[in-house]
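Summary of the model geometry
Spelled out from the first residue to the last, the chains are:
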Amino acid sequence: MHILLFDDPAIRPHLLPFTFTRPVAALRCGILTLAEKWQHRLRAERVGYLTESYLQAKFPAGDTQGPALVINGAVCPDELLTQQVQALAPGEALFDEEMLVAAHLADASQVAELIQDGFQKTREVAEPVTAIKEVWHLFLRNGAEIRRDFDLLTKGRESAPVGDAHTIVYAPENVFIEPGVKIRAAILNAENGPIYLGKNSQVHEGAIISGPLALCEGSHINAGAKMRGDNTVGPYSKVGGEVGNSILLGYSNKGHDGYLGNSVIGEWCNLGADTNTSNLKNNYAPVKIWSHSAGRFVNTGQQFCGLMMGDHSKCGINTMFNTGTVVGVGANIFGAGFPRTFIPSFSWGGAAGFETFKLPKVNEVAERVMARRQLAYDETEQAIMRHVYDATAKDRVWEKAN
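Thresholds, definitions, all that
- Residues numbered from 1 in each chain as written.
- Predicted model: local features only at pLDDT ≥ 70, side-chain atom pairs only at ≥ 80, totals over all residues.
- Heavy atoms only, no water.
- Helix = DSSP H or I, 4+ residues; strand = E, 2+ residues; numbered from the N terminus.
- Rg over C-alpha atoms; globule rule 2.2 N^0.38 Å.
- Buried < 20%, exposed > 50% of the residue type's maximum accessible area, 1.4 Å probe, protein only.
- Contact = heavy atoms within 4.5 Å.
- Salt bridge = Lys/Arg side-chain N within 4 Å of Asp/Glu carboxyl O.
- Phe/Tyr/Trp six-rings, centres within 6.5 Å; stacked < 30°, edge-to-face > 60°.
- Arc of directions from axis to C-beta.
- Polar contact = N/O pair within 3.5 Å; in protein donor to acceptor, adjacent residues only side chain to side chain.

Looking at the overall build of the protein
The helix and strand inventory of the protein stands at eight helices and 37 strands. At 21 Å, the protein has a C-alpha radius of gyration in line with the 21 Å of a compact globule built from 402 residues. Once the C-alpha set of the protein is aligned to its principal axes, its extents read approximately 65 × 60 × 45 Å. The proportion of buried residues among the 402 residues of the protein is 55%. Once local pairs closer than 6 in sequence are excluded, the contacts in the protein between residues at least 24 apart make up 47%.

In C-alpha cells form, the structure reads like this:
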C-alpha cells in the first residue's frame, strides 16, 4: 500500500519560511523528519509527498494509483496513533476534532476531492495528536520528539562503545552511538534525556553535551561547544558555541562561539563567528514574530523564542538577532546593530537597510556551498528558488519604492 503525506492547507502557510522549500512532512523535529517517523513506524519502503506543484519534482508523490494511506504531514506519530491509522478500513478517515489526520483510500487519485469535500465514514483519534502547526512548535516539541525517536530507532539494538578513555559519560544507558562515530575528551550527560549520535558523526575535544540531543549523520559538535539540551543537529552540519533548545534542519553551520537558543535554522545556512540570538525579551513579555500567512506580527504566547531562518540564508560575524526574528530564504545579513525582526527572502544588508539579493548572485553562492557537500545545485533546486524569489517579491518593500 502507498503512503502519501499531504500538506494540510490550513497548516502549511503557518510553517513558512521553512515550507517555502520543502513539504511539511520534510521538516525535522526530534531525530527524524516527520516523513521518516511515519516511514519507520509503518515499515514502509518509501513514502510520497502531496505538496505544492513547484516542490513536487524534488519531493515526488510516487505512484498515486490504487489503495493508499493518506496522512497529514504535520502529525508526529506514536505507537497508538500508528495502530489507529493501520486499522482504518477502505473509505475511513481519522480526525482529531476538525483536523484530518489520515485516511485509507481505495484509489489515491481521489485524494484532492476527498480532502476538499469530506469523508463519509470517519473515526476520532483515541487521544489528541502532536501536530506541528506553527514554526515555534518545532523547538517546543523537539525534546519530546527526540525521546520518542530515540526509543523507536534504538529498540532491540546495541550501541557502539564510546571508545575514548578521556570522555565522561553520565547515564550511559541513555546514550546510543551509531557506527563510525568519533568522540574525543567530551562530557556526555544523558541524565535528563537521551543522547543519539548518528552514523559517522563527531564530538570534538571539550564539548559538553546535555540530553536530549540528536546529532545526525555526518555532523560535528565542535571543540568546546556547550549543548544545553533539547537540541537537534541535522545531517552534515557543524555546531559550536552555546546552543539550547534549537534545531538545525541539515547541511548548515554554526561553527563558532555565540549563543543560539529556542531557534530553528534551515538547510544550507551559515551563522558567522560570534552570531548571537536573543530568546527572551528584557520585560519577559510573550514574544511576537512575523507570520507570512497573516502578513503581520503574531503573538507566539511563548516567553522564549529566538531565530527562525529559512534555507540558504547567511549572516556575517558578530550578527545580533533580536528576540523572535524571522529570516526568509536566500537572505544575506551583515553589519553592526540589530537588523529588523522580519528579514524578507532574498534580502542583502542589515541594520542600515536592505536591498535585493539578486537571484543570479544567490545561485552562485548556493552552487559553491552545495558543491562543498558534493551535491549539485541542479535545475530542480534552481526552479524552487526561482519560484520562492517571485512569490516573496511582495515582502521586499524597498523594491516597490524603486
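Section: the pattern of salt bridges
For side chains of opposite charge, pairing can occur when their charged atoms come near one another. The final tally for this structure, using the stated rule, is 16 salt bridges. Where Glu242 meets Arg228, a salt bridge forms, and the shortest distance between an N and an O atom there is 2.8 Å. Here Arg228 lies in the loop between strand E18 (226-227) and strand E19 (231-233) and Glu242 lies in strand E21 (residues 242-244), a separation of 14 residues in the sequence. A residue is classified by how much of its surface remains accessible, and Arg228, at 51% relative accessible area, is exposed. Glu399 is the salt-bridge partner of Arg396, the closest N and O atoms lying 2.9 Å from each other. Take Glu399: its relative accessible area is 28%, and that puts it in the partly exposed class. One salt-bridge network, in which partners are shared between bridges, spans Lys37, Glu145, Arg148 and Asp149.

Describing the packing of aromatic side chains
Scanning the model with the defined rule gives 10 aromatic pairs in all. For the pair Phe176 and Tyr196, a centre-to-centre distance of 6.4 Å together with 5 degrees between the ring planes defines the contact as stacked. Placement of the pair is Phe176 in strand E10 (residues 175-177) and Tyr196 in strand E13 (residues 195-197), with a sequence separation of 20 residues. Judged on exposure class, the residue Phe176 and its partner Tyr196 are both buried. Ring centres of Phe346 and Tyr389 lie 4.9 Å apart, and the angle between their planes is 70 degrees; this geometry places the pair in the edge-to-face category. Placement of Phe346 in the loop between strand E35 (342-343) and strand E36 (347-350) and of Tyr389 in helix H7 (residues 379-391) is noted, with a sequence separation of 43 residues between them.

Re unusual backbone geometry
The amide bond that connects Leu16 to the next residue, Pro17, takes the cis arrangement and shows omega of 15 degrees. For Pro17, the location among the structural elements is in the loop between strand E1 (2-6) and helix H1 (34-41). With an omega of 0 degrees, the peptide bond between Gly211 and Pro212 qualifies as cis. Position of Pro212 relative to the elements: it lies in the loop between strand E15 (208-210) and strand E16 (213-215). The residue Asn262 is not glycine, and still its phi comes out positive at about 50 degrees. Here Asn262 shows up in the loop between strand E24 (259-261) and strand E25 (264-267).

Describing helix H2 (residues 79-86)
When we look at burial in H2, the residues that qualify are Leu81, Thr82, Gln84 and Val85. Around the axis of H2, the buried residues are gathered within 160 degrees of arc, so they sit on the same side. The distance from a side-chain oxygen at the start of H2 to the backbone nitrogen of Leu80 is 3.3 Å, and the residue carrying that oxygen is Asp78.

Considering the environment of Val175
Its place among the elements puts Val175 in strand E10. For the pair formed by Val175 and His137, sequence separation is 38 residues and the distance between their alpha carbons is 25 Å. Non-local contacts of Val175, meaning those with residues more than four positions away in its chain, are made with Phe150, Ser159, Val169, Leu188, Ala190 and Ile195.

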